[in-house]
Amino acid sequence: MVVFDFPILVIKIVYFDLILPKSKAEIIAEENQKRIKAKQEKKEQEQWEALSMLIEKEIKKNVAFGINRLENFLKKCQSRSVKFAAEMAGLRVCFEVWKEHCGKQGEKSKDLSIAVQVMRRVHELLEKYEDLLQKSHQQMLAKCLNYLGFENLACSLSSQITERNNEKIAKYATEVGAARFQLQYMGSFLFRDERRDPDPRVHNFIPDTWQRELLDVVDNNESAVIVAPTSSGKTYVSYYCMEKVLKESNEGVVVYVSPTKALVNQVVATIYNRFTKTLPHGIVICGVFTRDYRHDAMNCQVLVTVPQCLEILLLSPHRQKWVKRIRYVIFDEVHCLGGEIGAEVWEHLLVMIQCPFLALSATISNPDYLTEWLQSVKRYWQQAEGRMKEEMSTSTMKHARTPKLQNPKKSDRVRLVLHGERYNDLEKYVCSVKDDDFVIEHYHPWAALTVNHIEKYGFPSDLALSPRESLQLYDTMVKVWQNWPRAQDLDPEEFLSFKNKIVIKKADARNYEQELKKELTNWIALGQKDKVQELLECLKPHPTDCPENEKRIKFCRFVEKLQAMDKLPAIFFMFNIHSVEQLATKIYVNLVRQNRRNQDPNTEKEIENLRNKQEKMNKILENCKPTKSARQATTRKAESILIALEEKEQIEKRLAILTKIPPEFTYANSKAVDEQTLKDIFLRLRWQRHASRQRLLAKRGIGYHHGSMTAKQKQFVEMLFRMGYIQVVTATSTLALGINMPCKSVVFSEDSVYLDALNYRQMSGRAGRRGQDLIGNVFFYDIPMPKVEKLIKSNVPQLKGNFPFSISLVLRLMLLAAKADDKADAKAKVLSVLKHPLIAFKQQRHNEMLKIYFIFSVQFLLKEGYLDQECKPMGFAGLVCHLHYHEPSNFVLVSFLVKGLFHKLCQPIKGSTVFSENVMEELVLVLANLFGRIYLPACAMKFRKKFYQSKVFLEDLPEDFAAAVDEYNSKVEKNFACFLLTVAKLADTEQEYKLPLSKIDFTQKEYGHSKLASYLMSSTKSVTAVSPFMWLSGMTDQDLFAAEKVNKAVLHTVGVNIGNAPLLWREKHDYQGRRMPLNAYALDFYKHGSLAALVKDNWLHEGDAYKLLKDFLLVIKSVRVSLGELCDNPDDNVVLAFQQLSESYEAKLQKV
């Protein structure tokens, strides 16, 4: 019996070829394809023949420029045979240039950048076209390697090497070992292990293995946590997901959650550019929902929004039908889950959604923990949906069923997809001023480490070295320990992954780095800590100190230095809006001054004269405009018009020549954008504030970017920077979160408390444009060295969750459960939020504490009349939920309404329904104390400054309103103290009796070293809810009823503080006990209506002031609408007063 062991695939091919021959149509199609391919190849061959001579000449004239031309041709070319011929030609020319260069240099040092280009061509040919290499080609490659001094590599490629160790070729050698040469000079050119087999799902590029896993996730309707570096290509899966849902039906919805409005605008633009689809009337592809802008939010298939707005939709009882249409939710920059402000909203979204999701980030230090938590949430929803289906199947429905949207089968699996390798390496530099010049020193990443840090924490996971940094590390190790036993094994020329290897790859260099890490750890284990410390000290740069002001003054020269080093485009990060704008203006002024110094002094006068003539010509032409009697115009008048037009044209041409900015006095890349496109982009700034300033800066290649700019102003800078026109951008952290603005270099220009490990990684991740830059550069310009070390070696904080609840949230959950049409679904959402706080995941103590806090919240809502005895919302619950952003001010506002204080205040002018200005101003004063709470420093009260239009410092509330606030606070303090007394039982006694820094434990009864300590600590055993150490200073449980003492007295392991109580502090004091006044911007603007006055008097940036006023107006409108819905009488004085105030405030704001 014969057994055939053919693979199934081969059997299928044979079967289909023999049994099912190709049809005539298929044969014709194949022949047509071959004919088209041959025609295309012939065309490209002709193009190469036409260009080859020119490119060869350019390489001989300027190697870098010529190679750039060659690579541009190779990118466009499709034919492998033509590309192979071009690569061989490039190799021959580079080799000739190298030989010619070495012949001229003699004993002088050689320009190894030419040798790098020779070796690059060898790499390209061996890696991409090995199947096309014939014997003659191999001999040519071997000859090149031999001449470079890499005889061992040449012999491994071809045995027919005639010139060996010949003095004739010795002068052409690089005098560096092959492995060392590639690590030192070719690190950025090393080949990555990329797949070459295309994926039919992707047309624009060939995805890597980890990217294919993301596509599989979407195809299988699974969820995923995706952690990959910036610019690695993780965002592509978001658009693949959108495309999939758009193809499936006209009903499904994808929600893209962005952390910032700036990113919302960019994503929307990308969606409009990528997708087109014919949809039924009333449905659009993309919609937007932010707090101040809403467009097609409910009738789109791709909704781009911010977390707070999606939470509103998910918790809205009337939007649950729309919520069920959601097929996927994409969370961009999901590490915001660990932020201080708004983090709980991200958490609520992740636990409420039932559909699959994609959670993207570049900076999560504990992705396994996050994934495990999310998987537990998915398991809950799997069980909840199972129960709901059972209830539906058992219930009898007498009425006809309405057709339901068929949901595609979804998976409850949450995958974790990790990709830690940046496509481009990042190299760091520190800058200092020495002898009136800038010294820029390379900063080796390991210079930030200490022996103690390595022992305790090991090496940071994202602290990768470039190949040349690995080589530098090895050389320093050899220098420090001259008798190092493994020096020979780890020598680059002897290292196993490098030895006799013509093409060293990035993975080989990474293996070498890992071996060096292991060896350094081994040094510490062998007791060679002193040598490790010496090694780390040797790696440190030694910048010279200089006054901070000096660096600021010379900043413009630093930008010039970056341009000379070819390190632009660059983003200069700062954390102060004023600094961002001032620095951009300073760079611009510096260029203008240089331009004028080098300009003919008569040119400026000529420009002025020409502009005066231009104005005269314009006036003449305006006076000569055609009228009704134009036909009767004399010939002489027509001639004068023609002469004027011609003269005007000549003036404009001359002005264009004189005002043209010389290339040496601008950072703008005029070749990046054509004139018409530039005009169109500049036109987008019309009607924008400071448009002329932004245009002037842009013409010099400069821009600035911060959160207080309008959307159009930010888009203007983003577009020109991405196109490559603007090369210098000063920015705040608005460019750190997800915005697609990659650059060659990132500069940290200003130290700040906000510059932490997370922000550093987000910002530095912008450096290194994939496909454009071979390496990313990070410069520390004005950052102290200890801070630099801390930033580099610190890990990103772990995501452990924040306090997730507020009383407003509890009320919103109750409202959803009571008002939603699908009660079972609403109940499941509410329970999911209550059961799955991240802070309580695997933390039973926190879980119990949150349950008690929920009970406290419900009791508060019952007492205040927001819930009835069945916990159904009533009264002003809708108004409170509408203003949930502003807790506790929303509760205080309702207390004013209940006490009738607004009715007492809002008395119209006799005989009319109009309110006097005094009434309106007092109403604004009350609202500003509730919703316009921007504090000024205490020292501002003593600041001797003349205020021109604003009062600046907000007055206190009127007496009756202040008394109502005090009464409200008193009730909250009492209720919250009772909650603290209850929750104190959950405290960890062992931790409470242990000092936080020294870790001295006082849980024992006796302390041999101190009788006093034994006596004092034994007397604290009766304490129930106050920290034992605070009890020693005289605090008791009774102090928990005084809000200002709670944070000092409360047991810290309970996990709550006074910030969790809905208290409205009438006064706020700084650490010195001085009262901090409230900024009266809202009331001042109502009185004078001037934005400029707020900037001048109230210490606000113009953009910030405008946004604050818009938010304040939004509150007034929200209150007006809610009161209108609650009040049966449309002529109620309070309703009319808020309506008048809303219209008046909006009218003033529109005039700005």
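Shown above is the structure to which this text applies.
Residues numbered from 1 in each chain as written. Predicted model: local features only at pLDDT ≥ 70, side-chain atom pairs only at ≥ 80, totals over all residues. Heavy atoms only, no water.

*Asks:* Got a sec to walk through the overall build of the protein chain? Specific residues and values, please.
*Replies:* Counting its secondary structure elements, the protein chain contains 46 helices and 15 strands. What you see for the protein chain is a C-alpha radius of gyration of 36 Å, in line with the 32 Å of a compact globule of 1152 residues. Structurally, the protein chain occupies a C-alpha span of about 110 × 105 × 80 Å along its principal axes. Look at the contacts in the protein chain between residues 6 or more apart in sequence, and 74% of them connect residues 24 or more apart. Side-chain charges in the protein chain split into 164 positive and 140 negative, and the spacing between the mean points of these groups amounts to 3 Å. (Helix = DSSP H or I, 4+ residues; strand = E, 2+ residues; numbered from the N terminus. Rg over C-alpha atoms; globule rule 2.2 N^0.38 Å. Contact = heavy atoms within 4.5 Å. Lys, Arg positive; Asp, Glu negative; His and termini not counted. Charge placed at Lys NZ, Arg CZ, Asp CG, Glu CD.)

*Asks:* Give a description of the packing of aromatic side chains that names residues and reports values.
*Replies:* By the definition in use, this model includes 50 aromatic pairs. Taking 5.5 Å as the distance between ring centres and 70 degrees as the angle between the ring planes, the aromatic pair formed by Phe555 and Phe572 counts as edge-to-face. Placement of Phe555 in helix α22 (residues 555-564) and of Phe572 in strand β11 (residues 570-573) is noted, with a sequence separation of 17 residues between them. In this structure, Phe555 and Phe572 share a single accessibility class: buried. The interplanar angle of 50 degrees and the centroid separation of 5.4 Å between the aromatic rings of Phe1112 and Tyr1145 together place this pair among those described as tilted. (Phe/Tyr/Trp six-rings, centres within 6.5 Å; stacked < 30°, edge-to-face > 60°. Buried < 20%, exposed > 50% of the residue type's maximum accessible area, 1.4 Å probe, protein only.)

*Asks:* Describe the packing of helix α3 (residues 63-76) against helix α4 (residues 80-105), naming the residues involved and giving the relevant values.
*Replies:* Where α3 meets α4, the closest approach of the two axes is 10 Å, and the angle between their N-to-C directions is 175 degrees. Compared by their axis directions, α3 and α4 come out roughly antiparallel. From α3, Val63, Ile67, Leu70, Phe73 and Leu74 reach across to α4, where they touch Val82, Lys83, Ala86, Glu87, Gly90, Cys94 and Val97. Taken together, the residues of the contact of α3 with α4 sort by class into 9 nonpolar, 1 polar and 2 charged. (Axes fitted to C-alpha atoms, helices over the stretch in contact; angles between N-to-C directions. Parallel < 35°, antiparallel > 145°, perpendicular 65-115°, else oblique. Nonpolar A, V, L, I, M, F, W, Y, C, P; charged D, E, K, R; others polar.)

*Asks:* I'd like a rundown of the packing of helix α5 (residues 112-128) against helix α9 (residues 178-185), residues and numbers included.
*Replies:* The N-to-C vectors of α5 and α9 enclose an angle of 105 degrees; their axes lie 11 Å apart at closest approach. In terms of their interaxial angle, α5 and α9 are classed as roughly perpendicular. Of α9, the residues touching α5 (which contributes Leu112, Ala115, Val116, Met119 and His123) are Phe181, Gln182 and Tyr185. Split by residue class, the contact of α5 with α9 holds 6 nonpolar, 2 polar and no charged.

*Asks:* Quick rundown of the sheet that holds strand β13 (residues 728-731)? Include the residues and the values.
*Replies:* Taken together, the 7 strands give an open sheet; going across it, the order is β10-β9-β15-β14-β11-β13-β12, and neighbouring strands pair in mixed fashion. Two strands in the sheet have a free side with no partner beyond their single neighbour: β10 (437-443) and β12 (702-705). Between one strand axis and the next, the sheet turns through 25 degrees on average, direction left out of account. As paired elements, strand β14 (residues 745-748) and strand β15 (residues 775-780) share 4 bridges and run parallel to each other. Within β15, the residue paired with Val747 across the bridge is Phe779. In the packing of helix α29 (residues 757-764) onto the sheet, contacts are made with β9 (425-434), β11, β14 and β15, and the angle to β14 comes to roughly 150 degrees. Each of β9, β10 and β15 touches helix α30 (residues 785-793); the most contacted strand, β10, lies at about 30 degrees to it. (Pairing = 2+ DSSP bridges.)

*Asks:* Describe the pairing of β9, listing the residues and the values that go with them.
*Replies:* Burial runs high along β9: 9 of the 10 residues are buried. Here β9 pairs with β15 via 6 bridges, running parallel. When the bridges of β15 are listed, Asp425 appears paired with Ile775. Direction of pairing for β9 relative to β10: antiparallel, over a ladder of 7 bridges. In the sheet register, Ser432 faces β10, and the bridge partner there is Val439. Turn length for the β9-β10 hairpin, with the two strands adjacent in sequence and antiparallel, is 2 residues, and the turn residue Asp435 shows positive phi of about 55 degrees.

*Asks:* So what's going on with the sheet that holds strand β1 (residues 223-227)? Which residues, and what values?
*Replies:* Read across the sheet, 8 strands follow the order β4-β3-β5-β2-β6-β7-β1-β8 without closing on themselves; strand pairing throughout is mixed. At either margin of the open sheet sits one strand with a lone partner, and together these are β4 (293-295) and β8 (414-418). Across the sheet, the axes of successive neighbouring strands diverge by a mean angle of 15 degrees, strand direction being ignored. Note: strand β3 (residues 284-290) against β4, 3 bridges, orientation antiparallel. Bridge pairing links Phe289 to Arg294 in β4.

*Asks:* Give a description of the pattern of salt bridges that names residues and reports values.
*Replies:* Per the counting criterion, the structure on display carries 65 salt bridges. With its nearest N and O atoms 2.4 Å apart, the salt bridge here joins Arg510 to Glu513. Taken together, the positions of Arg510 and Glu513, both in helix α19 (residues 506-525) and 3 residues apart, correspond to about one turn of that helix. The class of Arg510 is buried, set by a relative accessible area of 14%. Residue Glu750 pairs with Arg552 through a salt bridge whose shortest N-O separation is 3.5 Å. A residue pair is termed long-range when its members are at least 10 positions apart, and Glu750 in the loop between β14 and α29 and Arg552 in helix α21 (residues 548-553) qualify at 198 residues. A residue is classified by how much of its surface remains accessible, and Glu750, at 14% relative accessible area, is buried. (Salt bridge = Lys/Arg side-chain N within 4 Å of Asp/Glu carboxyl O.)

*Asks:* Break down the nonpolar core for me, with residues and values.
*Replies:* Core analysis: the biggest nonpolar cluster contains 294 residues, and Leu358 and Phe896 have the highest contact counts within it. In terms of residues, this core owes the most to one element, helix α38 (residues 959-983), which gives 11 residues. Apart from residues no more than four positions distant in its own chain, Phe896 is found in contact with Leu901, Phe902, Val926, Leu930, Leu957, Phe961, Ala964 and Val965. In this structure, Leu126, Leu145, Tyr147 and Val176 belong to the second largest nonpolar core, which totals 53 residues. (Core = buried A, V, L, I, M, F, W, Y, C linked by side-chain atoms within 4.5 Å.)

*Asks:* For the side chain of Ser889, give the residues involved together with the corresponding values.
*Replies:* Here Ser889 lies in helix α35 (residues 889-898). Overall, the relative accessible area of 3% leaves Ser889 in the buried class. Beyond its immediate stretch of four places on either side in the chain, Ser889 contacts Leu930, Phe931, Arg933 and Leu1064.

*Asks:* Provide a residue-level description of the environment of Glu606, including the pertinent values.
*Replies:* In this structure, Glu606 sits in helix α24 (residues 601-623). Among the residues examined, Glu606 registers a relative accessible area of 28% and is labelled partly exposed. Taking C-alpha positions, Glu606 is 8.6 Å from Leu658, a pair spaced 52 residues apart along the chain. Once residues lying within four places of it in the same chain are set aside, the contact partners of Glu606 are Arg654 and Leu658.

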